[in-house]
Amino acid sequence: MRNHGESGHHPKHDYMEMALDVKYFIERHQLRSPTVIGHSMGAKTALTLSLESPTLVKDVVAIDNCPIRLPLESDFARYLEGLARLGDERITDYSQADRILTQYEKSPAIRAWLISNLHKKPDTPFLQLRVPVETLSTAIRPLGEFPYRVDEGSEAIRQFNGRVLFLRALQSNFIPESALPLINSFFPSSEIVDIDCGHWIVQEKPEEFRKSELHTLRFNAQKFPTSGFDIIQSDQKVEEEELPDYKAHRFYPVRLGEIFQNRYQTVAKLGFGSSSTIWLSRDLINGQYVALKFYVHTSSVHRELPFYDHAKQQLQTSSHQGRYNIRKLLDSFTVSSPDGTHIVLIFEAAQMSLRDMQVVFLPGGFDENLVKGAITELLQAVDFLHMQGQVVHTDIHPGNLLLGAYDNQSLSALEHEELVSPVPRKPVSPTRTIYLSRLMRPQVGPMLLSDFGETRIGPGPHGGDIMPLEYRAPETLLYIGWSYPVDIWSVGLTAWDLLESRNLFTARDEDGDLYDAAHLAQIIAAIGPPPPEFLRRNQKRRSDFWDSDGKWLGLAPIPHDRTMERLESRLSDKSGFLRFMRKTLTWLPEERATAKELLQDPWLRG
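Keep in mind that what you see is a predicted model, and the values were worked out from it rather than measured.

Okay, the domain arrangement of the protein chain next. Split by domain assignment, the protein chain resolves into domain 1 (15-69 + 145-220), domain 2 (74-142) and domain 3 (365-405 + 454-604). Tallying the contact residues gives 8 residues for domain 1 and 7 residues for domain 2. Across the domain 1/domain 2 interface, buried area totals approximately 720 Å², and carbon plus sulfur atoms make up 73% of it. Taken as a group, Glu145, Trp200 and Gln203 account for 74% of the area that domain 1 buries against domain 2, more than any other trio of residues on that side. For the pair domain 1 and domain 2, the interface holds 0 salt bridges. For the pair domain 1 and domain 2, the interface holds 0 residue pairs in polar contact (both at pLDDT 80 or more). For the side of domain 1 that touches domain 2, the per-class residue count stands at 3 nonpolar, 3 polar and 2 charged.

Below, the structure written as structure tokens:
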């Protein structure tokens, strides 16, 4: 506000002008429905703004002031007199200022606040005042006023129907009992919390004020409907219940509207996986939306936090474009359930995965140009992981490629839908409810690679089972060491699945049976038989599917109709796309193109 802190000085100093200053700030920075918090004259400024522009503000916290005409206490004139003296003295350090102010104020905390109005400029050794004392002294009388009034026996000319929390200092007279009818007239959805101290609540009772802040956050929280939704029958499996080997006790029983860390309120379920559920949440401090990922408590190895710790420096400082395509981890915490302790990761919020977007909105496949854009951003992320992070992702597929949000507040649509049309849910027990996940109509946004729960740090070679079944690279099927090229194989299949309506590999035979031989047979149909060099890398495993001469044993028939040329059905000119695919799908890992090389591919750049 004008005449405060680093803000500019202006001779006109009243509540309407200051409210218009705040209004301009909100509009300039495109803040959507902010909570405005003010103390003393800041409180009256916030209240004025809410009455002047009621659609601009979500709610208000007014700290020890209210919408009445009340002359300012003599403290203010005394403080201004002390500040004026500091301006006249040639003071070089803050201890001198404190000694002078002891003549005007006994409380060290309030003196420290007054001293914060001093600062040093590089061109002088003397402390300078930040505020125009003469202007504020002239404004003392109008600052006891309030721009709006209520005539006796009538209703307020203006009202603000949003929530208003008044924090009242019991040892001051800024919110007297006689003001309560007036407060209710202007602000019908108001509440008062009392703190036993003088007017300078923050300085005198910081701990009580901190507790009131927590009350403020809960005051800002939404109250979600407790009725008006469909109940799913107990014998119908939904969401994570449909996962193989699902056990309810492993998952944290998140409730819609639940508040975590006294800060994050869950407002919509976004999805689930074999080891977690994901929830859109609103940060009650800054109003931004985040995603909370609740891990099961039985995870034997947790790899996601170690990945972000490993890559933290590169993610923060690298000039590589790909770091902007890695989903940001904002923080983490743990939460306890009766069955164990769950790790919770706080991520930047995103709209949805490309898999969900395709299934719901584009079941026939994405437009070719959109696929090119998505794969370009994916390859930027992969090149960053491989070259700067020395990390193998191992789990790249459309479900882990997210559509981010350029406008964080666009996600408020999901919260609004939950308030007006709550999702169906299945009560499982008094402490556990399964909610259906929500989707919103997608908007333009960046592509973000997510879910680093299976990452491996270092180039390897690594071993062990990785990748979704249909996405497994040949080296993982042959049980040989693997490294960065497994991600390139996944990039190729991701491109295919985004563009086409049929998967290139299903890992199933014609009868629908899932087994490795059927998978290998489909790979042979798509890219030809493996070279002898590949089979020599694990002779024991090779003997399960090929004879000593490299001839296929026929444990599953080779589906000769599943060539890439035959399965690709959407492009009028498929040659460029198929050349790209053949750079990603090779038996020998070292023959696959790198992410950097693929970024120069003619199909992507065309």
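Orientation of helix H4 (residues 94-101) relative to helix H5 (residues 108-115), taken along the N-to-C sense of each, is 125 degrees, at an axis distance of 10 Å. Classified by the angle their axes make, H4 and H5 are oblique. The handedness of the crossing between H4 and H5 comes out as right-handed. Counting all contacts with H4, which are made through Tyr94, Ala97, Asp98 and Leu101, the residues of H5 involved are Arg111, Leu114 and Ile115. For the contact of H4 with H5, the residue count by class is 5 nonpolar, no polar and 2 charged.

We now examine the side chain of His199. On the secondary structure map, His199 appears in the loop between strand E6 (190-195) and helix H8 (201-204). A relative accessible area of 5% places His199 in the buried class. Of note is the side chain of His199, whose polar atom sits 2.9 Å from the side chain of Ser40. Setting aside chain neighbours within four positions, we find His199 in contact with His39, Ser40, Asp64, Phe76, Ala169, Ser172, Phe174 and Glu204.

Turning our attention to helix H16 (residues 516-527). Look at H16: 17 Å from first C-alpha to last across 12 residues, which is about the 16 Å you get at 1.5 Å a residue. Burial runs high along H16: 11 of the 12 residues are buried. Restricting attention to buried positions, one finds in H16 the residues Asp516, Ala517, Ala518, His519, Leu520, Ala521, Gln522, Ile523, Ile524, Ala525 and Ala526. Turning to H16, the residues buried within the fold contact helix H14 (474-477), helix H15 (485-499), helix H18 (539-542) and helix H19 (564-567).

All right, on to the nonpolar core then. Of all hydrophobic cores here, the largest spans 91 residues; its most connected members are Leu280, Leu354, Ile375, Leu379, Leu504, Phe577 and Phe580. In this structure, Ile375 is in contact with Val491, Thr494, Ala495, Leu498, Phe580 and Leu604, ignoring residues within four places of it in sequence. By size, the runner-up hydrophobic cluster in this structure holds 45 residues, among which are Val22, Leu47, Ile100 and Ile110.

Over the atoms, a rolled probe matching the size of one water molecule traces out where space is still vacant. Applying the stated criterion across every chain yields a total of 1 cavity of 30 Å³ or more. In this structure, the largest cavity is lined by Glu240, Phe251, Tyr252, Pro253, Val254, Lys269, Thr277, Trp279, Arg432, Thr433, Ile434 and Tyr435. Within the residue set of the lining of the largest cavity, elements represented by two or more residues are strand E9 (276-283) and strand E17 (432-435). Ranked by the residues each element gives to the lining of the largest cavity, the list is headed by E17, at 4 residues. A class-by-class count of the residues in the lining of the largest cavity yields 7 nonpolar, 2 polar and 3 charged.

What the 6 strands build is an open sheet, ordered E7-E8-E9-E10-E12-E11; its pairing is antiparallel. The open sheet has two edge strands, strand E7 (259-260) and strand E11 (329-337), and neither has a second partner. Bridge count between strand E8 (residues 264-273) and E9: 8 bridges; the pairing is antiparallel. Across the sheet, residue Tyr264 finds its bridge partner in E9, namely Asp283. Contacts from helix H10 (residues 304-317) reach strand E10 (289-295), E11 and strand E12 (340-348), with the element oriented near 45 degrees to E12.

What counts and what doesn't
Counting starts from 1 at the beginning of each chain's written sequence and moves along it residue by residue. In keeping with the model being predicted, local features are shown solely for residues with a pLDDT of at least 70 and side-chain atom pairs are shown and tallied solely at 80 or more, while totals for entire chains, interfaces and linings include all residues. To get the side-chain values, all heavy atoms of the structure are used, and hydrogens and water are removed first. The domain limits used here are those given by an automatic or database domain assignment. For this analysis, residues touch if any pair of their heavy atoms sits within 4.5 Å. Buried area, as used here, totals the accessible surface that two parts lose on assembly, with accessibility defined by a 1.4 Å probe and the loss added over both. We define a salt bridge as a side-chain nitrogen of Lys or Arg found within 4 Å of a carboxyl oxygen belonging to Asp or Glu. Counted as a polar contact is a pair of N or O atoms within 3.5 Å, where, for protein atoms, one must be capable of donating a hydrogen and the other of accepting one, and residues adjacent in sequence contribute only when both atoms are in side chains. Residues are grouped as follows: Ala, Val, Leu, Ile, Met, Phe, Trp, Tyr, Cys and Pro are nonpolar; Asp, Glu, Lys and Arg are charged; all remaining types, including Gly, are polar. Structural elements are reduced to axes, namely lines fitted to C-alpha atoms, with helices fitted over the stretch in contact, and the angle between N-to-C directions of any two is expressed from 0 to 180 degrees. Helix and strand labels come from DSSP, where a helix needs a run of H or I of at least four residues and a strand needs a run of E of at least two; each type is numbered from the N terminus. Angles below 35 degrees are treated as roughly parallel, those above 145 as roughly antiparallel, those between 65 and 115 as roughly perpendicular, and all remaining angles as oblique. Helix crossings fall into two classes, left-handed where the near helix is turned counterclockwise from the far one by less than a right angle and right-handed where it is turned clockwise. Using a 1.4 Å probe on the protein chains alone, a residue whose accessible area is under 20% of its type maximum counts as buried, one over 50% counts as exposed, and one in between counts as partly exposed. Under the convention used throughout, the expected extent of a helix is 1.5 Å for every residue step, that is, one less than its residue count. Nonpolar cores are built from buried Ala, Val, Leu, Ile, Met, Phe, Trp, Tyr and Cys residues. Side-chain atoms within 4.5 Å join them into one set. In this analysis a 1.4 Å probe is tested at points of a 1 Å grid over the protein atoms alone, and where it fits but cannot get out there is a cavity; an open set with protein on both sides within 12 Å along at least five of seven lines is a pocket; lining residues have an atom within 4 Å of a point. Grid points are joined across faces, edges and corners, and a volume is the space filled by probe spheres set on the points. Strand pairing follows a simple DSSP-based rule, namely that at least 2 bridges must link the two strands.

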